[in-house]
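Each chain is listed here by its residues.
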Amino acid sequence: MTTPAELNWIELSRTALRNNIKSLAKLAAKSQLAVCVKSNAYGHGLAEMVQLLSEMKEVACLTCHSVEEAATCRIEGWDRQIILLGPTANYEIPAVLEYDLEPVVFTLESLRALGKAAAKVETPVRTHLKLETGTNRQGITEQELPKYAEVYKKFAYLRRPYGASTHFANIEDTTSHEYAQLQLDRFNGMIRKMTSLGIKPKIRHTACSAAHILFGKTHFELVRPGISVYGYWPSKETYLSYRLSGGKNDIFRPILSWRTRLTQLKKVPADSFIGYGCTYRTTSATRLGILPIGYFDGYARSLSNLAYVLVDGRRASVRGRVCMNLTMVDVTDIKGVKLGDPVTLLGESGSESLTADRLAGWAGTIHYEILARLSPMTPRVVTD
Ligand SMILES: *Cc1c(COP(=O)(O)O)cnc(C)c1O
């Protein structure tokens, strides 16, 4: 690929995405595959990801956090199923009906509001009940189920939940999975209760990436992976558990690369301070490269004086603090660098590669946050 003219851009690999989708489809061959595209598709770019995922027949459904994201998916041409994971405000209900979205419900108020709105326009709405099994985030308890059953029966355009779901609290952060098993047992118990109340759901879904990869019994009718679609393991623990159970290691490939350019090259003498706060001081004559990206673009300020970038397959360390829109790197020992040369912030360059896990380690966070905070304003290009 010839590099774009931009000074800052994100590349998305169709081949890597196709590989990840195939791996996930194979791991849960009997379930429908729902891809999580919340948070601007984990920072990858919602519009571009919707277009790429539309090409892939294995993907039956998208899951979004907000109505706004889901509406964007429709506008970008997604005509398959969409499940809303987050809350729906009352003013958003007309959009839920117009765009044929399937909200996850966890309050009686929103269930009634949906029932009324659906009756008014005589359009059935598919809802999913979110069951509380121990994450203590969104979700309803077993004791509350009879009240929900009453509301379902009262509104003809609801009738019964289309789906029931839950979310695991401690599945990626550990290699021992007793808590996940406890949650799964509670989920199964609540499904039995729903059945006895006459509100048996048509589909059940519980599996994030870690559950999808490790536990067949969490798959049910639909799986909802996020991070693995984008080519990352949910955690080291998930990777270890997978390998210990005999799995192959090369089933996912990161699809995103983030690149910028050297927009200034300069020599600074020994003992010079670099950047805000004078946090870095050169010990010898140094050649600095200036990059036109900073924490505004999603290059975390906590990477200051810790990270390196890749210039023509070689490492160039970040010197001084990452600024809002600029970052300085040391290119002293990199022969042949020229103004305008591409710089890799995330992704492969020569035989080197920088992953979101690596940046997360430096920045004191997780790869999910590194990816989700990539600026939506950075141009995205699809490669291969
Ligand atoms: C984000 C999310 C997922 C996807 O999780 P990953 O760990 O990225 O696979 C699945 N279900 C719910 C409810 C989520 O919020």
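Treat the numbers as computed from the prediction; the structure is a model and nothing was measured.

Enquirer: What's the story with the side chain of Ser272 in this structure? I'm lost.
Expert: Within the secondary structure layout, Ser272 lies in the loop between strand S11 (264–268) and strand S12 (273–274). The exposure class assigned to Ser272 is buried, which follows from its relative accessible area of 16%. A polar contact of 2.6 Å, which involves the side chain of Ser272, links it to the backbone oxygen of Pro269.

Enquirer: Quick question: what am I supposed to make of helix H6 (residues 108–120) here?
Expert: Spacing of three or four residues puts side chains on the same side of an α-helix, whose turn is 3.6 residues. Here H6 is 13 residues long and its end C-alpha atoms lie 18 Å apart, about the 18 Å a rise of 1.5 Å per residue gives. Elements that come into contact with the buried residues of H6 comprise helix H5 (93–98), strand S5 (102–105) and helix H7 (145–154). Of the residues one or two after H6, Glu122 is the one with positive phi, at around 50°.

Enquirer: I'm lost on the pairing of strand S2 (residues 32–36) in this one. Help?
Expert: Put simply, side chains in a regular strand alternate between the two faces of the sheet. Burial within S2 is extensive, with 4 of its 5 residues counted as buried. As paired elements, S2 and strand S9 (residues 222–223) share 2 bridges and run parallel to each other. In the strand pairing of S9, Gln32 is matched with Leu222. Sheet analysis places S2 next to strand S3 (residues 59–64), joined by 4 bridges and oriented parallel. Directly across from Val35, in S3, lies its bridge partner Leu62.

Enquirer: Please explain the site of the ligand as it appears in this structure.
Expert: In the vicinity of the ligand lie 14 residues, with Lys38, Tyr42, Ser209, Gly226 and Tyr368 positioned nearest. Between an oxygen atom of the ligand and a side-chain N or O atom of Lys38, the distance comes to 2.6 Å. One nitrogen or oxygen atom from the side chain of Tyr368 is found 2.7 Å from an oxygen atom belonging to the ligand. When isolated, the ligand has an accessible area of 390 Å², and the protein chains bury 93% of it.

Enquirer: Sorry, what's going on with unusual backbone geometry here?
Expert: The phi angle of most residues is negative, glycine excepted, and most peptide bonds adopt the trans form. Backbone geometry at Ser39 places phi at a positive 55°, although glycine is not the residue there. Summarising the element assignment, Ser39 is placed in helix H2 (residues 38–42).

Enquirer: Looking at this structure, I do not really get the pattern of salt bridges. What am I missing?
Expert: Close approach of charged atoms allows side chains of opposite charge to pair. One pass over the full model with this rule turns up 10 salt bridges. A salt bridge links Glu55 to Arg14; the nearest nitrogen and oxygen atoms lie 2.9 Å apart. Separated by 41 residues along the polypeptide, Glu55 in the loop between helix H3 (46–54) and S3 and Arg14 in helix H1 (residues 14–27) bring together distant segments of the chain. A relative accessible area of 24% places Arg14 in the partly exposed class. We note a salt bridge from Glu55 to Arg18, for which the minimum N-O separation is 3.7 Å. Here Glu55 is found in the loop between H3 and S3, whereas its partner Arg18 is found in helix H1, with 37 residues between them in sequence. Looking at Glu55, the relative accessible area reads 37%, which means it is partly exposed. Among the charged side chains, a network of salt bridges with common partners joins Arg14, Arg18 and Glu55.

Enquirer: I tried to follow the nonpolar core on my own but got confused; where do I start?
Expert: Looking at soluble globular proteins, one finds that nonpolar side chains tend to be buried together. Among the nonpolar cores identified, the biggest contains 120 residues, and Val35, Val37, Leu53, Leu129, Leu131 and Tyr299 are the most heavily contacted of them. If we skip the residues at most four places from it in the chain, Val37 touches Leu46, Leu53, Leu62, Thr63, Cys64, Cys73 and Tyr230. Counting residues in each nonpolar core, the second largest holds 7 residues, with Val268, Ile274, Tyr280 and Ile290 among its members.

Enquirer: What is the right way to look at the packing of H6 against H7 in this model?
Expert: Angle between the axes and distance between the axes are the two parameters that describe a pair of packed helices. It is at 10 Å that the axes of H6 and H7 come closest, and there the two elements cross at 10°. Taken together, the axis directions place H6 and H7 in an arrangement best described as roughly parallel. Across the interface between the two elements, Leu108, Leu111 and Arg112 from H6 touch Lys147, Tyr148, Val151 and Tyr152 from H7. For the contact of H6 with H7, the residue count by class is 5 nonpolar, no polar and 2 charged.

About the cut-offs
- Residues numbered from 1 in each chain as written.
- Predicted model: local features only at pLDDT ≥ 70, side-chain atom pairs only at ≥ 80, totals over all residues.
- Heavy atoms only, no water.
- Helix = DSSP H or I, 4+ residues; strand = E, 2+ residues; numbered from the N terminus.
- Buried < 20%, exposed > 50% of the residue type's maximum accessible area, 1.4 Å probe, protein only.
- Polar contact = N/O pair within 3.5 Å; in protein donor to acceptor, adjacent residues only side chain to side chain.
- Expected span 1.5 Å × (residues − 1).
- Contact = heavy atoms within 4.5 Å.
- Pairing = 2+ DSSP bridges.
- Near = heavy atom within 4 Å.
- Areas by Shrake-Rupley, 256 points an atom, 1.4 Å probe, with all protein chains shown as cover.
- Salt bridge = Lys/Arg side-chain N within 4 Å of Asp/Glu carboxyl O.
- Core = buried A, V, L, I, M, F, W, Y, C linked by side-chain atoms within 4.5 Å.
- Axes fitted to C-alpha atoms, helices over the stretch in contact; angles between N-to-C directions.
- Parallel < 35°, antiparallel > 145°, perpendicular 65-115°, else oblique.
- Nonpolar A, V, L, I, M, F, W, Y, C, P; charged D, E, K, R; others polar.

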